[in-house]
Amino acid sequence: MSSTPANNDDDDTPKDPLQEMLANLLGGQGMEGFDPAELAKAAGLPSDPNALAQMFSQVQAMMSGSSDTPVNWDLARDAARKAAAGDDPSVTPAQQKEVDEALRLAEMWLDPFTELAPTAIIGRAWSRAEWVEETLGTWQRLTEPVANSIAFAISKAMNEQLPEEMKSMVGGAASMMQNMGGALFGLQLGQAVGALAKEVVGSTDIGIPLADLQMALLPANVKAFGEGLEVPEQEIRLFLALREAAHARLFVQVPWLRGHLLGTIESYARGIHIDMSRIEDLAHNIDPANPESMQAALSEGVFMPARTPDQDAALAKLETALALVEGWVDELTFEAAANLPSAAAIRETIRRRRATGGPAEHAFGTLVGLELRPRRLREAAALWASLKEQHGIAGRDAIWAHPDLLPTSADLDDAAGFSARRTAEAASESDVDAALAKLLDGGFDDPEPEEDK
C-alpha cells in the first residue's frame, strides 16, 4: 500500500518547500516526489542538481543516524572541497619540484638572518583540495565552540517555531533537529573554508600554523597572486617561499607559540554566546518569498552579539600576537630577499593583503565572529627592526624564548623605547628580589646603623 504523497496536486495552497522536505524525511518518505531545486531556492543553496542530490542524501543519512558532536564535520569537509573545486588542477611533478627547490633555497637564504635553526621539513606543493584536507582539523578546533553554540541555538529555535502538526511528527527527536542546525553551520563553514582555499598561498598564510609541522605552497594560488604585478613568477614563488619557511622556523623552533596563538583564539571563541532572540525572530519570521534569509543571516554574522570585556582583552592579546608573528616574518623575509629586484613591491602587496583580508577571510570572520588579521603589522616590523639594531640578531630572536618576554600592544606604540622600558622593569624586579631576600633572611629586623655624628 503506497503512502499518501506530501504534495497533493488537487490542493492549490502554496507549499513551504522546507516544511514539505521535513514532512517527507521525518515521515519516512525520503526525497521521493520532491523537487530538490525548490528546496535549494528555499534555503539559498546552489542549484546544481548533482550537488544538491548528493547533499540531500547526506542530510537524510545524517538525520536518520546519530552524531557525537552537534556539528556535522563530514558535511563541512564535503562543502569545503566542493567550494575549493572547479579550477583546481592536481599538482604536477614539475610544480612539486619548483616548490621544493624554492623552499630549500629559502631555507639557505634565511640562515644568515636568524638564530632560529632550519626545520628540516620537506616542502610540499598542494592543490586547493589538499589544503582543505590538511587544515580542516585546525579549523574545527578553532570554530567548535561557536559551531556548537549555533547548532544548539538553531535546533532549539527551529523546534520551537515548528507548526503543531510538525511537532507531533518530530516528537522527542530533538537530536535530529540539533543535527539540522549542525548541518546548516557545517555547510556555511565548509563554504567559507573552501573559498579561503582559493586565496591562500601557503600553509601559514593567515599567520597561524593551520597544518602543524608542515611547509607548503599552492602553485595555482601563487600564480594567481602574481597576476597584475608584472613580476616573474619564479621571483614571486621564491619570496612567498621565504615567508613560508620563516613561519615554519618560528613555529617549529618556538614550540610554545602555536599553542599560545590557538589557545588565545579558543579562549575568545568560548566567550561567544549566541543571540537567541535574533535566531527566534528569524525562525518565526522566515519568509518563503525570501529564501536566502537563513543563509544570509549566518554569512552576515547576525547571531553574534556585542563582545564582552573578557573577549575584548582576548582579542587585543590575539591581535598583538598575530602582529608580532607577521612583523617578525615580514622583516626577516625582506632582509633575506635583498637580492630579489621586486622584493619591496611584493612585500608591500602582501602587507596590504594581510591588513585588509580577502573576501573569503571576511566571510569566515563574520561566520565565527573573529578576523585573523595583523592590524599592526607595520608597527611590529618596526619594533623587530629596532631590536635588531640595538641588540643584534641574537638579541632580537631571544624575545621568543618565553611568552612573558613578548612585547605588548603598548610597546608597539613606542618601538624605540621598548628596550629601555624592559631594562627599567628588570632593574625594578631586581630591587624587589633583593628586598624579598632580605625579608626572608630577617634583615628588616636589624636596627639601621647610626649615622656618624
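On a predicted model such as this, the values are computed, not experimentally measured, just so you know.

Engineer: I would appreciate a short explanation of the pattern of salt bridges in the present structure.
Structural biologist: Between side chains of opposite charge, a pair can form as their charged atoms come close. Within the structure shown, the criterion is met by 24 salt bridges. Across the salt bridge formed by R347 and E331, the nearest N and O atoms sit 3.2 Å from each other. One end of the pair, R347, is in helix 15 (residues 343-356); the other, E331, is in helix 14 (residues 309-336), and 16 residues separate them in sequence. Considered together, R347 and E331 belong to a single accessibility category, that of buried residues. One connected set of salt bridges, linked through shared partners, spans D74, R77, R81 and E133.

Engineer: Even after reading the chapter, I still don't get the nonpolar core, so can you show me in this structure?
Structural biologist: A general tendency of soluble globular proteins is for nonpolar side chains to be buried together. Formed by 88 residues in total, the largest nonpolar core has its most connected members in W131, W139, I208, L257, L261, W328 and W400. Per-element accounting of this core gives the leading share, twelve residues, to helix 14. What W400 contacts, discounting residues up to four positions off in sequence, is L250, V254, W256, L257, L324, V325, W328, W384 and L406.

Engineer: Would you mind showing me how to read the packing of aromatic side chains here?
Structural biologist: Given two aromatic rings, their pairing is described by the distance between the two centres and the angle made by the two planes. What the rule picks out here adds up to three aromatic pairs. Here W328 and W400 contribute two aromatic rings whose centre-to-centre distance is 6.4 Å and whose plane-to-plane angle is 90°, an arrangement assigned as edge-to-face. Here W328 is found in helix 14, whereas its partner W400 is found in the loop between helix 17 (377-397) and helix 18 (409-413), with 72 residues between them in sequence. Across the pair, W400 and W328 agree in class, each one buried. Taken together through their ring pairs, the aromatic side chains of W328, W384 and W400 make up a single cluster. Directly above the aromatic system of F334 lies the positively charged group of R347, at a separation of 4.2 Å from the ring centroid.

Engineer: Where do I start with the side chain of R128 in this structure?
Structural biologist: Note on placement: R128 falls in helix 6 (residues 128-161). Although R128 is buried, it forms no salt bridge, and the closest oppositely charged side chain is D88 at an N-O distance of 4.7 Å. A polar contact is formed between the side chain of R128 and the backbone oxygen of D87, at a distance of 2.7 Å. Contacts of R128, omitting those with residues within four sequence positions, involve A84, D87, D88, A197, K198, L218, A220 and N221.

Engineer: Whenever I open this one, helix 10 (residues 233-253) confuses me. Can you help?
Structural biologist: In an α-helix there are 3.6 residues to a turn, and that puts residues three or four apart on one side. Between its first and last C-alpha, helix 10 extends 30 Å over 21 residues, near the 30 Å set by a 1.5 Å rise per residue. Counting buried positions along helix 10 yields 17 of 21 residues, so the element is predominantly enclosed.

Engineer: Even after reading the chapter, I still don't get the packing of helix 11 (residues 256-270) against helix 14, so can you show me in this structure?
Structural biologist: Helix-helix packing is described using two parameters, namely the angle between the two axes and the distance between the axes. Two elements in contact, helix 11 and helix 14, have axes whose closest approach is 9 Å; the angle formed by their N-to-C orientations is 150°. Between helix 11 and helix 14, the angle is such that the two are roughly antiparallel. Of the two possible hands of crossing, helix 11 and helix 14 adopt the one that is left-handed. Contacts between helix 11 and helix 14 involve L257, H260, L261, T264, I265 and Y268 on the former and, on the latter, Q311, A314, L315, K317, L318, A321, L322 and V325. Considered class by class, the residues forming the contact of helix 11 with helix 14 number ten nonpolar, three polar and one charged.

Engineer: Explain the packing of helix 9 (residues 219-226) against helix 10 here, please?
Structural biologist: At a minimum axis distance of 10 Å, the contact between helix 9 and helix 10 shows a crossing angle of 115°. At the point where helix 9 passes helix 10, the crossing takes the right-handed sense. When helix 9 is examined against helix 10, the residues V222, K223, F225 and G226 are found in contact with a partner set consisting of E233, I236, R237 and L240. For the contact of helix 9 with helix 10, the per-class residue count stands at four nonpolar, one polar and three charged.

Engineer: For this particular structure, what's the right way to read unusual backbone geometry?
Structural biologist: Negative phi values dominate among residues other than glycine, just as trans dominates among peptide bonds. In the Ramachandran plot, L213 falls in the positive-phi region, its phi being about 55° despite a non-glycine side chain. Although it is not a glycine, E230 sits at a positive phi angle of roughly 55°. Of note, E230 is situated in the loop between helix 9 and helix 10. Here E230 falls in the exposed class, since its relative accessible area comes to 80%.

Parameters at a glance
- Residues numbered from 1 in each chain as written.
- Predicted model: local features only at pLDDT ≥ 70, side-chain atom pairs only at ≥ 80, totals over all residues.
- Heavy atoms only, no water.
- Salt bridge = Lys/Arg side-chain N within 4 Å of Asp/Glu carboxyl O.
- Helix = DSSP H or I, 4+ residues; strand = E, 2+ residues; numbered from the N terminus.
- Buried < 20%, exposed > 50% of the residue type's maximum accessible area, 1.4 Å probe, protein only.
- Core = buried A, V, L, I, M, F, W, Y, C linked by side-chain atoms within 4.5 Å.
- Contact = heavy atoms within 4.5 Å.
- Phe/Tyr/Trp six-rings, centres within 6.5 Å; stacked < 30°, edge-to-face > 60°.
- Lys NZ or Arg CZ within 6 Å of the ring centre and 35° of its normal.
- Lys, Arg positive; Asp, Glu negative; His and termini not counted.
- Polar contact = N/O pair within 3.5 Å; in protein donor to acceptor, adjacent residues only side chain to side chain.
- Expected span 1.5 Å × (residues − 1).
- Axes fitted to C-alpha atoms, helices over the stretch in contact; angles between N-to-C directions.
- Parallel < 35°, antiparallel > 145°, perpendicular 65-115°, else oblique.
- Left-handed = near helix turned anticlockwise from the far one by under 90°.
- Nonpolar A, V, L, I, M, F, W, Y, C, P; charged D, E, K, R; others polar.

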